[in-house]
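Architecture at a glance
Below are the chains, spelled out letter by letter.
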Amino acid sequence: MRFTLSWLNDHLVTKASLQEILDLMLKAGLEVEEVVDPREKLAPFTVCKVIEAKPHPDADKLRVCTVETVDGVKQIVCGAPNARTGMTAIYAPLGTFIPGLDFALDKKPRAIRGVESHGMMCSSRELEVGDDHDGILDLDDSLTVGTPAAEALGQTDPVIDFEVTPNRPDWLGVQGIARDLAAAGAGRFLRQDPKKIGGSFECSIEIKLEAPEACPVFAGALIRGVINGPSPDWMQARLKAAGIQPKSLLVDVTNYVSLDRARPLHVYDAAKLSGPVVARLGRKGEKLEALDGKTYQITEDMCVIADSSGAIGLGGVMGGVSTAVSAETVDVFIESAWFDPLRTARTGRATGIHSDARYRFERGVDPQSCVDGLNLAIGLILEYGGGQVSKAKITGSVPVRTRKVTFYRSDVERLTGLIVKPAEMKRILKDLEFDIEDAGDAWYLMPPSHRFDMEQSADIVEEIARLIGFDQLPTTSLPLPEGGRRVITTPRQARVATGRRVMAAHGFLEAVTWSFMAREHAELFGKTEDALGVANPVASELNYMRPSVLGNLAQAAQRARNRGERTVRLFEAGPIYLGDGPKDQRTVIAALVMPAEERHWRGHAGSYDAFSAKADLFTVLAALGQPGERFQVGAPTQPHWHPGQAASLKLGPKMTVANFGALHPGVLKALDVDGPVYAFELNLNALPVMKARATKTKPVFERAELTPIRRDLAFVVDAGVAAGDVVRHAQSADKQVISAVDVFDVYRGPGIAEGSKSVAIEVTLQPKETLKDEQIQAIMDRIVASVAKGTGGVLRG
Amino acid sequence: MSDIIRIEEEALAAVAAAADLAALDAVRVAELGKKGRISGLMGALGKMDPEARKAEGPKLNALKTRVDDAIRARKAALEAADLEARLVTERVDLTLPPAPSPGEGALHPVMQVFEEMAAIFGDMGFAVAEGPDIEDDWHNFTALNFPEGHPARETHDTFFMKALEGDTPKVLRTHTSPVQVRTMMEEKPPIRILVPGRVFRNDWDATHTPMFHQVEGLVIEKGIHMGHLKGCLIDFVKAFFEVDNVEARFRPHFFPFTEPSAEMDVKYSRKGDTIEIGAGDRWMEILGCGMVHPNVLRNCGIDPAVHQGFAFGMGVDRLAMLKYGMPDLRPYFEADPQWTRHYGFSPWLTPSVSGGLS
């Protein structure tokens, strides 16, 4: 919302300076976004006189002017066709920033086609005071050299732009701003109720309200014999300052009343109306060609203004072309009605029309302003356009608020810590035009009809606190909660923190990528469903909630590779989405490596592969207190993994904790990513949470007194047997004594039958008492039997 | 007697002439071995009469000791020379690089800042709470006192999920405030929670990204008023920006879920590329806050006549920019290794109030 300081002064008697007004706006909750003080903007510019204008020796379109300026006589080369001897113009010295051109003049004189120019003479567009760029400003000769341009051009009124919060539609009128500023202490609010204008004849246009829930009141009047010329200069200046292009008196008056009183109006060319003007709900199949030139489909939910020809406007949103006023309009019918906010908002959304009327009606227009707004418009039209006005016709009744707000004065201190005297509370509420009824500790308050946000005591507390000033609030450090601090993170949050640090400690860079991805890419990671599709995506490649982080990481790795990065190591700790329910989100740690050939002076170092991914995954798991060996290794459970170079870690047949290994080459190709790429994705929600122990005391330390015994065994197994199974069955032979089983060799080739392989393991025994050779041999025999039974493997002879 | 002198001269000459440990050992065997020359003389002592033995014994023993010492000394010298020679052959060029290692990675600044905030508010007794990113309309709007159809909803640029015909579509949460609702419905006051998380708005330009991060705070306790809100947030800003003093102001604002509502501005100055928070000539808005609206408390089953409290919410990405000087929001989400190495944090830097944040 933009308005000028002089406009505000129409409604506010004040001695406050511009800065004081701005400070008070801030205090009252009107967030100032920009202040343009033309006196400041135009400060470098002054009036000058062209003593002589001669043609440029080398350029037909340029003139060399001798100019009397505030800085003395200057030579200025000018390209304007209207530059002439004796002219009064606006001078910009060297180095001046020209707002309309968005650049500053050189500080040193510049030669233009060989002739030095010491400054510039400006057009109205260059000063941003008008649109004329055909020539430089040609001013009244009575102005003296050195007069500030702001004064010479009548541009002395600062323009203030501020943010209107959705709860305060009354600030969409300058009057409402003045009321709050007066209450904040800026001065005295001038309540200027428009004069009621007694018409000389009955309004011949009938008004019918067929949908009182949508439009309960409609005030109208007819003015005959109007001349719809331009509006007065002062009104045009204010409209322009507010960002509205002046059109004609009738249109400008409606816009002016809307800005001055937050009261939208509409004007119809009475000659184009046929039959009564009806406010009703829309009918199926109806259409309206609106003032923006577009044709809209009308639905039965919309409020329509119609005459016997059909719809001529969308109530509270936009009028129609068929009855619009024009320069030829002689008789005008003025509408000042009230439209239901919710319905207006729905109509606005359905049509996509963003009009000043919609903006006000959907936030709430003072229903009591129908008649005042009409009278203000009539007065302005008669004054500047002439004509005779009919008696005003008011149909329906103004919706009246009956529920009072009970305000407990003690709530002010209870909620804000401020101690305010009742007299001060009363002063503020009266300034805001509340009616106060005393009822002991409480007041029953009737809010003014322009306020829609006053429902309960807390709302009143805010009014008092903001107008006293939040700077007056006490500043009290928060006391510690009763019983002291709690543990601030859940076990899963703690795991995220630990996991992230482990990954970064192992050379991974942390990424934060979109929760979105393209649905066609998400499809590569599992079946997609509509419930996870974004109906209004910001971009088509971000139209689905990711089922895995790896797609985004793979694409990021490719971007890094394209920029010359060698081995790319990324991880992200973040959400994946398995459904749209509140429990369908998982937190994962996903890591991805796009390896490059790493060369080393001692020879080939071996590059990152699926086993490296397994090692990194196991490192994280160990740090989280869940050693990877606890889990079963199975086939990958998701389609984006290489079927032969990836695996899953499981707690049971249905509980997958992680997948790791190489990503599927087909998936990488579809993502436009160069393989191979190795990764893991660890689902932290699937990791068991260990029960908190009752005591922090650790179990008693028992040193292993005997040195461990190590024995090597080699088994010949079918080539398809997993080495992990050999290990598992060896281990299960004696869980008490066998402390570790490690594979140290896998061999296929001469000496081993085709289709078989040799798996060599080292078994570590950690006995509690000294074992005799026969006892050790017995354990070895049990291992051989267990492996044979479980895998069909035989001891290699 | 002259024998002894001659033997000693010969033996010492042989020791000195031994070029290596093997030659030296040969001398030792020849003189002091079982069948050695000096050992032979020692053996002959037994056959002497006591008088002669008394005279010859000490001389022979002294001879044996001197030769033995000479051998030991020579042995030590030869060993030292051997070691010296071996060390020369073992020399390596340690200017060469070690075996390749991935080196140290880095943590993302937003995630680090989340932890900094959790440390500060944790010290004030807040616990971390979380909620889902895909929310229903009720938790994201209605329960938070956004009336249906009210223009306040439109200011949120909401992302909607695809819904079946006739169903109210779910939304991507536009703020972390729905977690307030979830917490208040599950827990009884007193409540002090801090809610970090991803939030989503359909806006993408130089200063907006469709996904960003918020931290929300909620305190519901008897006797908590807006002065506590002010004190808590000023304490936070001082701790977060690691400055002793912060000039702050609270301006009335509108949020549907708080009443009274405010925005907090802090003074700052800009010198070249660096921003100093706390003092200066300009104000910068950093967060929104207010007393929890009675309607929100009622919607969550809490009696506003008994319990009250405050809530605040702030954009983490922007606060991270202000503190650490990232000039642009967009690279946050690009996972660019160069950027992350430059602006990221060492995994060994764990923010804490007692140990320092950064």
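Residues numbered from 1 in each chain as written. Chains lettered and ligands numbered in written order. Predicted model: local features only at pLDDT ≥ 70, side-chain atom pairs only at ≥ 80, totals over all residues. Heavy atoms only, no water.

Quick word on the overall build of chain A
What chain A contains, in helices and strands, is 20 helices and 42 strands. A compact globule built from 797 residues should have a C-alpha radius of gyration of about 28 Å, whereas chain A, at 41 Å, is more than 25% larger. Taking the principal axes of its C-alpha atoms as reference, chain A extends roughly 125 × 85 × 60 Å. For chain A, with 797 residues in total, the buried portion stands at 52%. In chain A, the proportion of contacts linking residues at least 24 apart, taken out of those at least 6 apart, comes to 69%. With 93 positive and 102 negative side-chain charges, chain A shows a spacing of 6 Å between the two charge centroids. (Helix = DSSP H or I, 4+ residues; strand = E, 2+ residues; numbered from the N terminus. Rg over C-alpha atoms; globule rule 2.2 N^0.38 Å. Buried < 20%, exposed > 50% of the residue type's maximum accessible area, 1.4 Å probe, protein only. Contact = heavy atoms within 4.5 Å. Lys, Arg positive; Asp, Glu negative; His and termini not counted. Charge placed at Lys NZ, Arg CZ, Asp CG, Glu CD.)

Points about the overall build of chain B
The number of helices and strands found in chain B is 12 helices and 10 strands. Expected size for 358 residues packed as a compact globule is a radius of gyration near 21 Å; at 43 Å, chain B overshoots this value by more than 25%. Once the C-alpha set of chain B is aligned to its principal axes, its extents read approximately 130 × 50 × 45 Å. When each of the 358 residues of chain B is scored for burial, the buried share is 53%. Long-range pairs, those at least 24 residues apart, make up 65% of the contacts in chain B with a sequence separation of at least 6. Just so you have it, chain B exposes about 16,200 Å², and 54% of that area is on carbon and sulfur atoms. Here chain B contributes 39 positively and 53 negatively charged side chains, and the mean placements of these two sets differ by 9 Å. (Areas by Shrake-Rupley, 256 points an atom, 1.4 Å probe, with all protein chains shown as cover.)

Some words on the nonpolar core
By size, the foremost hydrophobic cluster in this structure holds 200 residues, and its most contacted members are Leu8(A), Phe333(A), Phe407(A), Ile464(A) and Phe516(A). With 33 residues, the next largest nonpolar core counts Phe571(A), Val620(A), Tyr678(A) and Leu687(A) among its residues. (Core = buried A, V, L, I, M, F, W, Y, C linked by side-chain atoms within 4.5 Å.)

Comments concerning unusual backbone geometry
Residue Pro189(B) is joined to Pro190(B) through a cis peptide bond whose omega torsion reads 5 degrees. On the secondary structure map, Pro190(B) appears in the loop between helix H8 (178-186) and strand E4 (191-200). The backbone phi angle of Glu433(A) is positive, close to 75 degrees, even though this residue is not glycine. Looking at the element boundaries, Glu433(A) is found in the loop between helix H12 (422-431) and strand E28 (435-439).

A few points about the interface of chain A and chain B
Residue-level contacts link 96 residues of chain A with 99 residues of chain B. Taken together, the two surfaces of chain A and chain B that pack against each other cover about 8,100 Å², and 58% of this comes from carbon and sulfur. The largest share of the area that chain A buries against chain B comes from Leu478(A), Arg501(A) and Val512(A), three residues that together contribute 10% of it. In this assembly, chain A and chain B are joined by 7 salt bridges. (Buried area = accessible area lost by both parts, 1.4 Å probe. Salt bridge = Lys/Arg side-chain N within 4 Å of Asp/Glu carboxyl O.)

These results come straight from atomic positions and should not be treated as a statement about function.
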